[in-house]
Amino acid sequence: MRRSRGIFGVVVASALVVSAEASAQPKPKPAPRKPAPAEVGPLFSLTPEITQKLKSADEAQIRAALDDIRLAGKAAASAVPLVSEVLEAGATVGLAEAALDTLASIEAPAGSAAVAPYATHRNVRLRRAAVKALFRTKGPLAVAALRRGLSDPDAQVRGLSATGLGSLKAKEATSDLVVALDHKVSEAAASVGQLCAGPECDELTARVGRLPLDVVTSGLDQVLFRPSEEIPDDAKIKIIGRLRELGTMEANKFLKDVQGRIPKSWSPRVRQAVDQAVLATSGGAE
């Protein structure tokens, strides 16, 4: 019995020594993870087959080629000249729409030259499609066409043009947008708010009480939440003060909404101005 206990003790002691030595050994470093493969966009090649279809007189073949190009998106930049030819040659309304959508999906400024004339087409459906495409083809030609679109007979074209100018950061169109706003293009307010600086922002604020408040505040909201490098605190406090002076429940509702979204980056001065304006307008009348 004693001998068994002695053997057992030796075994345990040996195991402890082995365990201690193992723990003293440096642990191997895990193998570095292989970086995930970069996402590869859809490949596109302007094959003779696609070229032949685009040059065909068969609308079904042209549409099939446009579908292939549209699926490739930006990768299909080499197809812009041929798709532009489809528009320049004249096409049915449906085919022209498909070609406009295709150039929009490629998002190449070179496509704006073929798209822009359709923004003044006699067919309102094509004008709307062209304006939407110009959002994405971008460039100076797109901006010029969208500025013309602000006075289009169709309200939807006017609204889309105003929104497009804001999305393209077309600061040179700010004064045109202010005029459009006065001509009941309500979408122009948000774009003015995105683009204005100094006196232009003051023109937007000056329309509080003259235009429907929900229209004007769609632009003032943009101004208030732009970074301080673009819109200084004094300009933001001036806007808040004008809404406070208005004193209506509608103004209070907007100010409360702003109060609930105040970012940490805002200065204490602007925060305080909002807080005080909310309190001051809480008893306002409609």
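This report concerns the structure included in the present document. Numbering of residues starts from 1 in each chain and follows the order in which that chain's sequence is written. Restriction of local features to residues with pLDDT of at least 70 applies here, the model being predicted, together with a cutoff of 80 or more for giving and counting side-chain atom pairs; totals for whole chains, interfaces and linings are based on all residues. As a convention, hydrogens and water are excluded, and side-chain values are obtained from all of the structure's heavy atoms.

Let us look at the state of the cysteines. Any two cysteine sulfur atoms lying within 2.5 Å of each other are counted as a disulfide. Using the criterion set out here, one finds one disulfide in the structure. What pairs with Cys196 in a disulfide is Cys201, and their sulfur atoms sit 2.1 Å apart. Judged by the sign of its S-S torsion, about 95 degrees, the cystine formed by Cys196 and Cys201 is right-handed. Note on Cys196: relative accessible area 0%, which makes it buried. When a residue's accessible area, from a 1.4 Å probe over protein chains only, is under 20% of the maximum for its type it is buried; when over 50% it is exposed; and in between it is partly exposed. Relative accessible area serves as the criterion here: at 7%, Cys201 is assigned to the buried category.

Turning next to the side chain of Ser191. Considering the arrangement of structural elements, one finds Ser191 in helix H11 (residues 188-195). For Ser191, a relative accessible area of 2% puts it in the buried group. Residue contacts are defined here by distance: any two heavy atoms, one from each residue, within 4.5 Å place the two residues in contact. Excluding its chain neighbours within four sequence positions, the residues that come into contact with Ser191 are Ala162, Thr163, Gly166 and Leu177. A run of DSSP states H or I qualifies as a helix once it reaches four residues; a run of E qualifies as a strand once it reaches two. Both are numbered from the N-terminal end.

Turn by turn, an α-helix covers 3.6 residues, leaving residues three or four places apart pointing in a common direction. Here, expected helix span is obtained from the residue count minus one, scaled by 1.5 Å. An ideal rise of 1.5 Å per residue puts 20 Å on 14 residues; helix H14 (residues 233-246) measures up with 20 Å between its terminal C-alpha atoms. Of all the positions in H14, only Lys236, Ile239, Ile240 and Leu243 are classed as buried. The arc that holds the buried residues of H14, viewed along the axis, is 95 degrees, so those residues lie on one side. Looking at H14, the residues exposed on the side facing more than 90 degrees away from the buried face are Asp234 and Glu245. Arc definition: it is the arc formed by the directions from the helix axis to the C-beta atoms.

None of the figures reported here should be taken as evidence of function without further support.
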